[in-house]
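Understanding the architecture of this molecule
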Amino acid sequence: MAVEEQRAGSRVSRPENRLVRRGFTDPARAVRLLEGPGLEGLADDPLLLDALGATADPDLALLGLARLLEAADESDRHTLRDTLTTSKPLRDRLLGVLGVSTALGDHLARHPHDWHALVTFELRDMHPGPEDFRRALADGVRADGHGGALGPANALRVAYRRCLLAIAARDLTGTTDLAQTAAELADLAGATLQTALDLAAELDPQAAAACRLAVIGMGKCGGRELNYVSDVDVVFVAEPREGVDEQEAVRAATRLAAALTRLCADTTGEGTIWPVDANLRPEGRNGPLVRTLASHLAYYQRWAKTWEFQALLKARPVAGDAELGAAYVEALAPMVWQAAARENFVADVQQMRRRVVDSIPATELDRQLKLGPGGLRDVEFSVQLLQLVHGRTDPALRSGNTLEALAALSRGGYVGRADAASLDAAYRFLRSLEHRIQLYRLRRTHLMPTADEDLRRLARSLAALINDDTRADPVAALQREWKRHAMEVRRLHEKLFYRPLLDAVAELPPGATGLSPDAARARLEALGYADPAAALRHLSALASGVSRKAAIQRTLLPVLLGWFAESADPDAGLLNFRQVSDALGRTPWYLRLLRDESAAAEQLARVLSAGRLAPDLLLRAPEAVAMLGDPQGLEPRGRAALESEMLAAVGRAGSTHAAVAAVRSVRRRELFRTAAADVLGRLGEDPAEALDTAGEALTALNAATLGGALRACVAGWEAEHGDLPTRISVIAMGRFGGHELGYGSDADVLFVHEPLLGSLEEEAARAAQAVCHELRSRLGAPSTEPPLLVDADLRPEGRSGPLVRTLASYAAYYRRWSHAWESQALLRAEPVAGDEELGARFRQLIDPLRYPGGGVPERDLTEIRRIKARIEAERLPRGADPTTHTKIGRGGLADVEWTVQLLQLRHGHEVPALRTTRTRAALAAAVAAGLVGPEDAEVLDAAWVLASRVRAAVMLVRGRPGDSFPGEARELAGVARYLGYGSGHSGELLDDYRRVTRRARAVVDRLFYGGSG
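Residues numbered from 1 in each chain as written. Predicted model: local features only at pLDDT ≥ 70, side-chain atom pairs only at ≥ 80, totals over all residues. Heavy atoms only, no water.

**Observations concerning the overall build of the chain**
Let me state the cut-off plainly: A run of H or I in DSSP counts as a helix once it spans at least four residues, and a run of E counts as a strand once it spans at least two, with each numbered from the N terminus. Atoms considered for the radius of gyration are the C-alpha atoms alone. The globule rule reads 2.2 Å times the number of residues to the power 0.38. Whether a residue is buried, partly exposed or exposed follows from its accessible area with a 1.4 Å probe, protein chains only, as a fraction of its type maximum: under 20%, in between, or over 50%, in that order. Residue contacts are defined here by distance: any two heavy atoms, one from each residue, within 4.5 Å place the two residues in contact. Reported accessibility uses the Shrake-Rupley method at a 1.4 Å probe radius. Residues are deemed covered only where the shown protein chains occlude them.
Each helix and strand counted, the chain has 46 helices and 10 strands in total. Taking 1013 residues into account, the globule formula puts the C-alpha radius of gyration at 31 Å, and the chain, at 38 Å, lies well above it. Referenced to the eigenvectors of the C-alpha coordinate spread, the extents of the chain come out at roughly 130 × 70 × 55 Å. Each of the 1013 residues in the chain was classed as buried or not, and the buried ones make up 55%. In the chain, the share of contacts with a sequence separation of at least 24, taken over all contacts with a separation of at least 6, comes to 72%. Carbon together with sulfur atoms contributes 50% to the accessible area of the chain, which is approximately 42,800 Å² in total.

And the structure:
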């Protein structure tokens, strides 16, 4: 920038060159202004030029000064010129304002005499308070309003900006700091509300005589930390005067409150002061504008949400009846400081945080000073959260002012001194930046500008707060300082809320936070930990000591605690993390992975706190944590890769026991891979897609497991008896055959064998029986690895029939004895392991049965419907709710699957696309063939997907299968989280499930029962 100015100076006249060196960007226009009316003779005044050059925008300051002098009358112009040349304090204040705010420059051009306010409010070191502002506003209304040219409303607005001009001048010249400036702005707002209320009372004396009205400041007004331009949040409370009916008094107070609001917000004449926002009142916009104190109390005692108590933390009487205002605050304070003990405190707080983030338009995210990452709201939110948690027992924390509360939290040991100082500095910088942006046009905004001239003006106005030298490149220096503070604030939740928990249990260096055990337990309770004493023990075990392991854990745990707290079961997350860390803590790569790969640490925290299945699988072999650090580590592996690994492991094993154990070990690891990917949402963005991907992955895994175990059992038999005299094929049935397995599904199969040429059939049958029995026994045996229960009950004659049959035996049975339900079951039969050629021949055998050429005879149709009705009546567990049982309940899996299977039985012979084992694919084929309407199919598909996802969620959360929603609140919340419902919305999940399945049942009644019900 300096080089560019030197080059520019070489091309302009000498006066212009002097102006360029002083920071003017349009020296030619500056020369014209200095030679124009009002400024004649001042062009060579070095004091004036230096003062202009020291402003944030010399061009803007000079233009504003020229307009002011031109607008002033001759006498006032002479006085102003003399003051500019003789009084440095006034010169700096006036030019400082004009160099930052075009809006205040416009005000002075309209009301040139108001520059005298910069003298009136000098008052040496005294800070003006509410009474000073009230007198100034009242004097302005009396002088210019009553009987004057402006009228009372416009006179109030002019007087308000006159006071604002004085505050800005003190702020911009460093006479006041941010905290004092914000307090003065809040006091001015309170004085303005009082003056507007006085004017409203004059306009409606009957209303004023009927009621006592108090105006309660909320938000930044209540906290005495107001912006230059902001909505002023208020709540109105009223009481009747003696002898006045309560309803009449409330109506009168409502008229006064409405008039007050109009006086402040009206845009006519001199323009609006600021909008008065009463939406923080009970019931928000839908509630009455004014309530009595008793009505307020009744609402907060019965209906208020946590965020409403958080808002009341800043409540302060600012205008109207002071005694009533004090009574309001005193009556509600006990409820504010018990909010953290409310049952849904954590859920409400997290929901409020999500609303804030979700409200930011994507195009503004990187420019938001208030709501964006590392913005002002982050600091304010966390300070308030700590106040609500610890203010119950420590009255010193009960300040409505953010900086005062942060200082109190530091003094009380709830926040480390260095952390508090860092956040104090960040908050002051961000608020100062916000103030400078708003001052330019006096518009309510929290967005960083993008134009270089705007950024340059901001940087120069904040030079005292920027660590870098702003002279060479002010824009770059500003950007660096903003990003530095924003990055500091981004870690604020860790700094303010979690790290002190470690200080309470770990031996840390001097200066660490002195959070007491009771305070630490209170904070953990607020985070949602059900057993804070146990949580503290885990933290102590993980973080105490001076070892490198403890040091790394102290770095990791604050972030992990936050991730655990966002889950439905933080206690389980922390316990599981301790167990994994105990198992792997001495492994060099483990803590290094979590420390250096933030994505791996977050994924681990999400997995450990999402339920029992994935953590249980991980704890059996914690080294699987490593896959979380691999970008492709959670991608499901294909069947070919799984079979290759398992068969290789079988080949290396020295016994059947060791071989099957190796196969089960691989299966456990791959179960964790799929479950972790599912919990983390890595299986697909669309829920149905994720469900299909999980089903395919689990089917491939179980098929590979059966193939590997079969190879091991055959090898074991052959090691003892010689070559196996038969070939064996494993046929998947049910959800296994349909590629729709869940995490808790058994492997439904049929075993078929065929003796080798020259082998005796009885000998072959005994060998096949022994191998298949061994396979089932080994895979289902108790072990450190999860069992795979191989269920062969769908075989001919069920449990009474032989475990394995020859292909010819199956053919004879199906030809002579097969029932309709067996044909239906065979719709999902698919060879998955063993001899492929034998499996293909079994498929050829059953195709005519499951896709009969003549469709379904009427007697079989009646039988299928009778069996379905009997299952509904007899197999629903006692006490189970039929509206929420995912398998047999109304509109659940059985309803949809039997309806689709009936279509396959009736039309599969003529519609090739129906010859699939997959439910959703068959339903889509039925739509394409015109057998089912698209709307009906969509209803059935939605119900089937939702019911399947609920079953998956139950298994992931509880670690054991279940067909009904969990009855325990935390488990139900975990199921709801998996299904995409926010904290505290489990009831919505149940309502949605009943609605979706009720619609599905109506379709089933028509398509399956033919309208017969």
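**A few points about helix H5 (residues 58-71)**
Formally: Multiply 1.5 Å by the residue count of a helix minus one, and that product is the helix's expected span.
For H5, spanning 14 residues, the distance from its first C-alpha to its last is 20 Å, which sits close to the expected 20 Å at 1.5 Å a residue. The buried fraction of H5 is high, at 10 of 14 residues. Where H5 is concerned, the buried positions are Pro-58, Asp-59, Leu-60, Ala-61, Leu-62, Gly-64, Leu-65, Ala-66, Leu-68 and Leu-69.

**Structural notes on the packing of aromatic side chains**
Convention followed: For Phe, Tyr and Trp, where Trp contributes only its six-membered ring, two rings pair if their centres lie within 6.5 Å, and the inter-plane angle classes them as stacked under 30 degrees, edge-to-face over 60, or tilted in between. Lysine NZ or arginine CZ positioned within 6 Å of the ring centre and within 35 degrees of the ring normal marks a charge as sitting over the ring.
Taken as a whole, this structure holds 11 aromatic pairs when the rule is applied. For the ring pair Tyr-299 and Tyr-300, a centre distance of 5.3 Å and an interplane angle of 80 degrees mean the geometry is edge-to-face. Tyr-300 carries the same exposure label as Tyr-299, and that label is buried. Cluster of aromatic residues (ring-pair linked, three or more members): Tyr-810, Tyr-813, Tyr-814 and Phe-842. Positioned over the ring face of Tyr-440 is Arg-457, at 3.6 Å from the centre of the ring. Above the plane of the ring of Trp-482 lies Lys-483, whose end atom (NZ or CZ) is 3.9 Å from the centre.

**Structural notes on the state of the cysteines**
The cut-off we apply is this: Defined by distance alone, a disulfide is two cysteine sulfur atoms within 2.5 Å.
All chains considered together, the criterion is met by zero disulfides. Free cysteine Cys-713: the closest other cysteine sulfur is in Cys-772, separated by 8.8 Å. Taking the relative accessible area as the measure of exposure, Cys-713 reaches 4% and is therefore buried. Judged by its relative accessible area of 0%, Cys-772 falls in the buried class.

**As for the nonpolar core**
Under the convention used in this document: We define the nonpolar core as a collection of buried residues of types Ala, Val, Leu, Ile, Met, Phe, Trp, Tyr and Cys that are connected through side-chain atoms lying within 4.5 Å of one another.
Counting residues in each nonpolar core, the largest one holds 92 residues, and the members touching the most others are Phe-577, Leu-706, Tyr-743 and Phe-751. No other element matches helix H35 (residues 687-721), which puts 13 residues into this core. Apart from residues no more than four positions distant in its own chain, Tyr-743 is found in contact with Leu-613, Thr-674, Ala-675, Asp-678, Leu-683, Ala-694, Leu-698, Ala-952, Met-955 and Leu-956. Core analysis: the next-biggest nonpolar cluster, separate from the first, contains 86 residues, Ala-56, Leu-108, Tyr-160 and Cys-221 among them.

**Section: the confidence of the model for the chain**
Let me state the cut-off plainly: What pLDDT expresses is the predictor's confidence in each residue, scored from 0 to 100.
Summing up the model confidence of the chain, the mean pLDDT is 90 and the portion of residues at 70 or higher is 94%. Note that pLDDT drops below 50 for residues 1-12; the model gives that stretch seven contacts with residues more than four away or on any other chain. The low-confidence segment residues 507-513, where pLDDT is below 50, has 13 contacts with residues more than four positions distant or belonging to other chains.

**Details of H35**
Heads up, the condition is: Any N or O atom pair separated by 3.5 Å or less is treated as a polar contact, with the protein-specific requirement of one donor-capable and one acceptor-capable atom, and with residues adjacent in sequence counted only for side-chain atom pairs.
Between its first and last C-alpha, H35 extends 50 Å over 35 residues, near the 51 Å set by a 1.5 Å rise per residue. Its side-chain oxygen at 3.1 Å from the backbone nitrogen of Ala-688, Asp-686 defines the N-terminal cap of H35. After H35 finishes, the residue Gly-722 shows a positive phi value of roughly 100 degrees.

**Description of unusual backbone geometry**
The phi dihedral of Glu-283 falls on the positive side, at around 70 degrees, and the residue is not glycine. Examined against the element boundaries, Glu-283 turns out to sit in the loop between strand S3 (276-277) and strand S4 (290-292). By relative accessible area, which is 43% here, Glu-283 ends up partly exposed. The backbone of His-739 sits at a positive phi, close to 60 degrees, despite the residue not being glycine. For His-739, the position within the fold is in the loop between helix H36 (734-737) and strand S7 (747-755).

**Digging into the side chain of His-446**
Here His-446 is to be found in the loop between helix H22 (417-441) and helix H23 (452-461). The class for His-446 is buried, based on a relative accessible area of 10%. Of the polar contacts made by the side chain of His-446, one reaches the side chain of Glu-434; its length is 2.5 Å. With near-sequence residues (within four places) excluded, His-446 lies in contact with Asn-227, Arg-367, Gln-368, Leu-369, Lys-370, Glu-434 and Gln-438.

**Examining the pattern of salt bridges**
Stated formally: By definition, a salt bridge exists where a carboxyl oxygen of Asp or Glu is found within 4 Å of a side-chain nitrogen of Lys or Arg.
Tallying each qualifying case throughout the model produces 65 salt bridges. A salt bridge links Arg-637 to Glu-670, with the nearest nitrogen and oxygen atoms 3.3 Å apart. Taken together, the residues span a long stretch of sequence, with Arg-637 in the loop between helix H32 (613-620) and helix H33 (639-652) and Glu-670 in helix H34 (residues 656-679) at a distance of 33 residues. Given the relative accessible area of 26%, Arg-637 is considered partly exposed. Across the salt bridge formed by Arg-639 and Glu-643, the nearest N and O atoms sit 2.8 Å from each other. Linking Arg-639 with Glu-643, this pair stays in helix H33, spanning four residues, or about one helical turn. Note on Arg-639: relative accessible area 31%, which makes it partly exposed. Linked by salt bridges that have partners in common, Arg-637, Glu-645, Arg-669, Glu-670 and Arg-673 make up one network.

**With respect to the packing of helix H12 (residues 178-203) against helix H15 (residues 246-265)**
The following threshold applies: Axes here refer to lines fitted to C-alpha atoms; in helices the fit is confined to the stretch in contact. Angles between the N-to-C directions go from 0 to 180 degrees. Here the word oblique covers every angle except those under 35 degrees (roughly parallel), over 145 (roughly antiparallel) and from 65 to 115 (roughly perpendicular). For any pair of crossing helices, the crossing counts as left-handed if the nearer helix is rotated counterclockwise from the farther one by less than a right angle, and right-handed if it is rotated clockwise. Three categories are distinguished: nonpolar for Ala, Val, Leu, Ile, Met, Phe, Trp, Tyr, Cys and Pro, charged for Asp, Glu, Lys and Arg, and polar for the others, with Gly belonging to the last.
Running from N to C, H12 and H15 cross one another at 120 degrees; their axes reach a closest spacing of 8 Å. By the angle class used here, H12 and H15 are oblique. Like other packed secondary-structure pairs, H12 and H15 cross with a definite hand, here right-handed. Touching Thr-192, Leu-193, Ala-196, Leu-197, Leu-199, Ala-200 and Ala-201 of H12 are Leu-256, Ala-259, Leu-260, Leu-263 and Cys-264, all from H15. Considered class by class, the residues forming the contact of H12 with H15 number 11 nonpolar, one polar and no charged.

**Let's talk about the environment of Gln-438**
Note that Gln-438 resides in helix H22. Setting aside anything within four residues of it in sequence, one finds Gln-438 in contact with Asn-227, Tyr-228, Val-229, Arg-443, Thr-445 and His-446. A distance of 3.5 Å separates a polar side-chain atom of Gln-438 from the backbone nitrogen of Tyr-228. Looking at Gln-438, its side chain comes within polar contact range of the main-chain nitrogen of Val-229, at 3.2 Å.

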